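# Residue-level structural notes
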Number of protein chains: 2
Amino acid sequence: MAHRYDCIIVGAGLSGLIAARNLQRAGKNVLVFEAQDYVGGRMLGKHIAPNQYIDLGGQWVGPTQDRFLALLDEYNIPRFPSPLQGKVVLIYNDKRQEFNGFFQGFAEGDRPNVPEEEWQDAMKAWKTFDELSQSLSPQYPEANEENKKLDSQTFAQWIQENTQTDFGRWYFAYMCRAVGFLGPAEPDEVSLLHVLWGNKSASQAEHPEAELIHDGAGQIPSKIVTELNNEIHLNEAVVKITQDDHGVEVTTLKGIYQANFVIVAMPPYLAGKITYHPPLPPIKQQLAQRFPMGTLAKLLISYETPFWRSQGLAGVGMGNTEWIELFADSSDPRSGKGVLATFVMGDRYHRWIKLTKSEQKSVVLSDLAKYLGQQALSPTTFDIQDWPSNQWVGGGYAAFMPPGVWTRFGQSINKPFNRIYWAGTEIAERWAGFFDGAIRTAEAAAEAVLKSAE
Amino acid sequence: MAHRYDCIIVGAGLSGLIAARNLQRAGKNVLVFEAQDYVGGRMLGKHIAPNQYIDLGGQWVGPTQDRFLALLDEYNIPRFPSPLQGKVVLIYNDKRQEFNGFFQGFAEGDRPNVPEEEWQDAMKAWKTFDELSQSLSPQYPEANEENKKLDSQTFAQWIQENTQTDFGRWYFAYMCRAVGFLGPAEPDEVSLLHVLWGNKSASQAEHPEAELIHDGAGQIPSKIVTELNNEIHLNEAVVKITQDDHGVEVTTLKGIYQANFVIVAMPPYLAGKITYHPPLPPIKQQLAQRFPMGTLAKLLISYETPFWRSQGLAGVGMGNTEWIELFADSSDPRSGKGVLATFVMGDRYHRWIKLTKSEQKSVVLSDLAKYLGQQALSPTTFDIQDWPSNQWVGGGYAAFMPPGVWTRFGQSINKPFNRIYWAGTEIAERWAGFFDGAIRTAEAAAEAVLKSAE
């Protein structure tokens, strides 16, 4: 008779690994399937030198991300404050300026030198946006009348109605593309309700990018794996999940496996790639068709030194330049090297992906040079992580809902289907799109399995 | 050495069957995989009595659907005019009326008795809508500036801005849910550009529901299969497609098959369920996440006789009642029985799917009785085809694009990927969402394979 696992976990990203680990700690026998040839999913690091590490996926952590902080503490992984010595650079409509402030959503520090009227337009709209956002419940948005109204609009519509200046409009469009809780999305792709709720449940005001991790977040998956003495099958995608009153059967191209429960720890779109017997409820099936991953590539660019600091610059920039709207200093002081993390997002990605690899590099460096000067043109390494090209992730940072989806299909987001439970940062109620959200959903799914197994 | 097919076809819906047949007629050796236990997909019939047939999927054909008409002629399948003897019933805000007209998009015949101001509001907006629609190119929408503007809005936005009355708003919302070229969708889910283009490339003004098919459209798949002397594998979903310069390898849970080319003849969302090596280009991958199937169940309700005719009614109704917005007489004169085809769409579907099976039936009949009288409460058969519950179809009628998708991801809709070609009504340039569109894409894909094989 075939071995029967207590729980099979589909997907060895952070949430899958945490779910497996927690179940194992509770004495359960687990098996993890991963379609790719590595564990960690979007928690992915790379050594670019013996003592230098870059994160091709997520990298930051903030003070209210309790569950991620607890994980770091548990594995004794030290953190350091995200470097922010010096001035931030803003390039708006080709005008470059340095200032002691920052904005990504709400604004901090000094205001940049944009015409008073345009800045006030953005600030006033931000206040309106934030108040509306804070009025929402922190739980998954319910399908009440107020939410339905918000969900029936795109963020672009709200921007159009609430800003009067080009800068005001760009301020929110930039936020929509750059803020982590979104896909990211262009404002006309995403539901206003999604953006408002994201700003509440995964708020920039809580500084989720306050700290970085020595040697990178990408070191974490292998630490969890070390603890997991159970099986992890790499390169083995789950194709079919069959369940009845007695248990679950999981089918891959390599075999058929039995378990009492399954946790599917993947973005909803990917969970929808699996065939289910009996089929998922229709609302859950259709949610998987309506919760797309963002359009974003992450770029890690390293230099001999963080050369910008000698110029009094923070290595942080934002602006409406042709390719790069945001970049941040990600240099680990232990290495002494300079590392910039940046993104090519939304419509910029669409234009960029048509370029040759060599053009992709040169246009990004040329944009960076506008912010940081000619030294930016000579990196020691240049790494591209093109998440939309990875069919086992499908995009980055995470997933967003187009208009009308939350209030019609959102109810099914994390509802167990008999013996199948769901995890993954996309379905988190708090810190969706962040590592912290991935952990929360994994802990909840593991707990639910334990409870069902009693 | 394994047998090598000239072409493997994934999906035995109408487009897959036509592609297979055309390739076979050209002397090619083909193999068809179908995940379900029947061929035809949404071309699906059922005998409810020895001489009575209902179509659980598509059923109509119109005078400019050349390719579908040619198919019917080829197999000597006779048609008859869609029954429309008598008056149409409209129930608007609980007021019932009979009139000699119809509207689904543009209006025909007499106008219904709604306040002049409200009717003119709808008619004026329709003129604006149709003119804008006709100004588009009939080809797949390009990503030009004008289209980007249209694509950045939802249809709900356009309705809000172009109608002033409740009736005017309902007129367009009803059209959005009821017209075949859409998912269907609620107006806030769908791109304005998608709706406009659909109205041009698959126009109600061409009367695509002018005729019905004796013994149903559902008889067609088996006729094609009879001609196909090659293999069709039912219950065998394709899991993986690997290709290189020399050929293609198709993997299912039952085996691995070799071919020179593959045609994937499925809705884009389902095509995205397959794993590809090398992976699909990122824009194509992300399109599969952004092109959802509509939320719709089809209901076929039969009666001893078309009883409505003796009351001078056409068996066609529309209105904003609680469950049913549109139904049509689908009685085949050969059977002498009465058959109504109706749909539960969009938000109505969401409410309806939560009911028990018996409630689902009773609320629909009770709605129908409001249109046609008490006799409607006593059908002889009542069939529900819940397309969103079918994981190998995913919804009905077809797929729609949310805002921002056409102009960002639409370019990849039918672009071959080396040895892989695409078919299916969702990706048709003409008559998308109809059988005719399915045939057109199949013919084009088969032709492209033949050309590549030269």
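Calculation notes
- Residues numbered from 1 in each chain as written.
- Chains lettered and ligands numbered in written order.
- Predicted model: local features only at pLDDT ≥ 70, side-chain atom pairs only at ≥ 80, totals over all residues.
- Heavy atoms only, no water.
- Helix = DSSP H or I, 4+ residues; strand = E, 2+ residues; numbered from the N terminus.
- Rg over C-alpha atoms; globule rule 2.2 N^0.38 Å.
- Buried < 20%, exposed > 50% of the residue type's maximum accessible area, 1.4 Å probe, protein only.
- Contact = heavy atoms within 4.5 Å.
- Lys, Arg positive; Asp, Glu negative; His and termini not counted.
- Charge placed at Lys NZ, Arg CZ, Asp CG, Glu CD.
- Salt bridge = Lys/Arg side-chain N within 4 Å of Asp/Glu carboxyl O.
- Core = buried A, V, L, I, M, F, W, Y, C linked by side-chain atoms within 4.5 Å.
- Least-squares fit on C-alpha atoms with pLDDT ≥ 70 in both.
- Expected span 1.5 Å × (residues − 1).
- Phe/Tyr/Trp six-rings, centres within 6.5 Å; stacked < 30°, edge-to-face > 60°.
- Lys NZ or Arg CZ within 6 Å of the ring centre and 35° of its normal.
- Pairing = 2+ DSSP bridges.
- 1 Å grid on protein atoms, 1.4 Å probe; cavity = no way out; pocket = protein on both sides within 12 Å on 5 of 7 lines; lining within 4 Å.
- Points joined across faces, edges and corners; volume = space filled by probe spheres on them.
- Nonpolar A, V, L, I, M, F, W, Y, C, P; charged D, E, K, R; others polar.
- Polar contact = N/O pair within 3.5 Å; in protein donor to acceptor, adjacent residues only side chain to side chain.
- UniProt positions renumbered as here; feature names shortened; annotations may be inferred.
- Right-handed = clockwise from strand over helix to strand, strands pointing away.
- Buried area = accessible area lost by both parts, 1.4 Å probe.

So, on to the overall build of chain A. From N to C terminus, chain A includes 14 helices and 21 strands. Against the globule reference of 22 Å for 454 residues, chain A gives a C-alpha radius of gyration of 22 Å, in line with a compact fold. Counting only C-alpha atoms and orienting by the principal axes, one finds that chain A spans roughly 70 × 55 × 40 Å. In chain A, which comprises 454 residues, the proportion classed as buried is 64%. The contacts of chain A with a sequence gap of at least 6 include a subset with a gap of at least 24, amounting to 73%. Once the 41 positive and 52 negative side-chain charges of chain A are each reduced to a mean point, those two points are 2 Å apart.

What follows is about the pattern of salt bridges. Taken as a whole and assessed by the stated rule, the structure comprises 54 salt bridges over all chains. Its salt-bridge partner being A:D188, residue B:R408 comes within 3.0 Å of it at the nearest N-O pair. Of this pair, B:R408 sits in helix α13 (residues 406–409) while A:D188 sits in the loop between α6 (166–178) and α7 (192–201), which puts the two residues in different chains. In this structure B:R408 comes out as buried when scored by relative accessible area, which is 9%.

The biggest cluster of nonpolar side chains holds 241 residues, and the ones touching the most others in it are A:F155, A:I241, A:V264, B:F155, B:I241 and B:V264. Residues in contact with A:V264, not counting those within four places in the same chain, are A:V10, A:I241, A:A271, A:I274, A:Y276, A:I420, A:Y421, A:W422 and A:A423. Grouped together as the second largest cluster of nonpolar side chains are 37 residues, B:L17, B:M43, B:A217 and B:V449 included.

Moving on, we get to the relation of the copies chain A and chain B. For the match of chain A to chain B, the screw axis carries a shift of 0.0 Å, the RMSD comes to 0.0 Å, and the turn is 180°. A rotation of that kind, with that shift, is consistent with a two-fold axis. For chain A, the residue whose C-alpha comes nearest the rotation axis is A:K273, separated from it by 2.2 Å. Mapped onto chain B, 100% of the interface residues of chain A again fall at the interface, so both copies present the same surface.

For the rest of this paragraph, the subject is helix α3 (residues 116–134) of chain B. For α3(B), which comprises 19 residues, the first-to-last C-alpha distance of 26 Å matches the rise-based estimate of 27 Å (1.5 Å per residue) to within 8%. For α3(B), the secondary structure elements touched by its buried residues are β8 (101–104), β9 (106–109), α5 (155–162), α6 (166–178) and α7 (192–201) of chain B.

Attention shifts here to the packing of aromatic side chains. Under the defined criterion, the tally for this structure stands at 71 aromatic pairs over all chains. A cation sits over an aromatic face here: A:R419 above A:F261, 5.3 Å from the ring centre.

Attention now moves to the pairing of strand β12 (residues 238–243) of chain A. All names here are of chain A. Across five bridges, β12 lies against strand β13 (residues 248–252) in antiparallel orientation. Bridging across to β13, I241 finds its partner in V250. Pairing of β12 with strand β15 (residues 275–277), which is carried by three bridges, proceeds in the parallel orientation. Among the inter-strand pairings, K240 is bridged to a residue of β15, identified as T275.

Below, the discussion takes up empty space enclosed by the protein. Taken as a whole and judged by the stated rule, the model has 11 cavities of 30 Å³ or more. Estimates place the volume of the largest cavity at around 160 Å³. Going through the elements one at a time, β4 (52–55) and β10 (211–213) of chain B are the ones with two or more residues in the lining of the largest cavity. Here the lining of the largest cavity gets four residues from one element, more than from any other, and that element is β4(B). Looking at side-chain class alone, the lining of the largest cavity contains seven nonpolar, six polar and three charged residues. Lining the second largest cavity are 13 residues, with A:Y53, A:D55, A:I213, A:G216 and A:S330 sitting closest to its centre. Counting residues per element, the ones that place at least two in the lining of the second largest cavity are β4 (52–55) and β10 (211–213) of chain A. For the lining of the second largest cavity, the element with the highest residue contribution is β4(A), accounting for three residues.

Residue and element names in this part refer to chain B. Relative to the elements of secondary structure, H214 occurs in the loop between β10 and α8 (220–227). Judged by its relative accessible area of 10%, H214 is buried. Within polar-contact distance, the side chain of H214 engages the side chain of D332 at 2.8 Å. Not counting residues up to four positions away in its chain, the partners in contact with H214 are I77, P78, R79, F80, Q219, D332, P333 and R334.

Our focus in this paragraph is the UniProt feature "binding site: substrate" (unreviewed entry) in chain A. Residues and elements named next belong to chain A. UniProt tags F343 as "binding site: substrate" (unreviewed entry). Overall, the relative accessible area of 5% leaves F343 in the buried class. Residue contacts for F343: discarding those within four places in its chain leaves W60, L296, A297, K298, W323, I324, L326 and Y397.

Residues and elements named next belong to chain B. Among the seven residues in strand β1 (residues 4–10), five count as buried, and that is most of the element. Here six bridges tie β1 to strand β14 (residues 256–265), and the two strands are oriented parallel to one another. Paired with I8 across the bridge in β14 is V262. Pairing of β1 with strand β2 (residues 30–33) involves four bridges; the strand directions are parallel. If you follow V10 over to β2, its bridge partner there is F33. After leaving β1, the chain enters helix α1 (residues 14–25) and then returns to the sheet as β2, a path that is right-handed.

Take the interface of chain A and chain B next. Contact residues are listed per partner, giving 50 residues for chain A and 50 residues for chain B. For the chain A and chain B pair, buried surface summed over both sides reaches about 4,100 Å², with 50% attributable to carbon and sulfur atoms. The largest share of the area that chain A buries against chain B comes from A:Q289, A:Q391 and A:R408, three residues that together contribute 18% of it. Linking chain A with chain B are six salt bridges. Here B:D347 makes a salt bridge to A:R408, at a shortest N to O gap of 2.4 Å. Here chain A is connected to chain B by 28 residue pairs in polar contact (both at pLDDT 80 or more).

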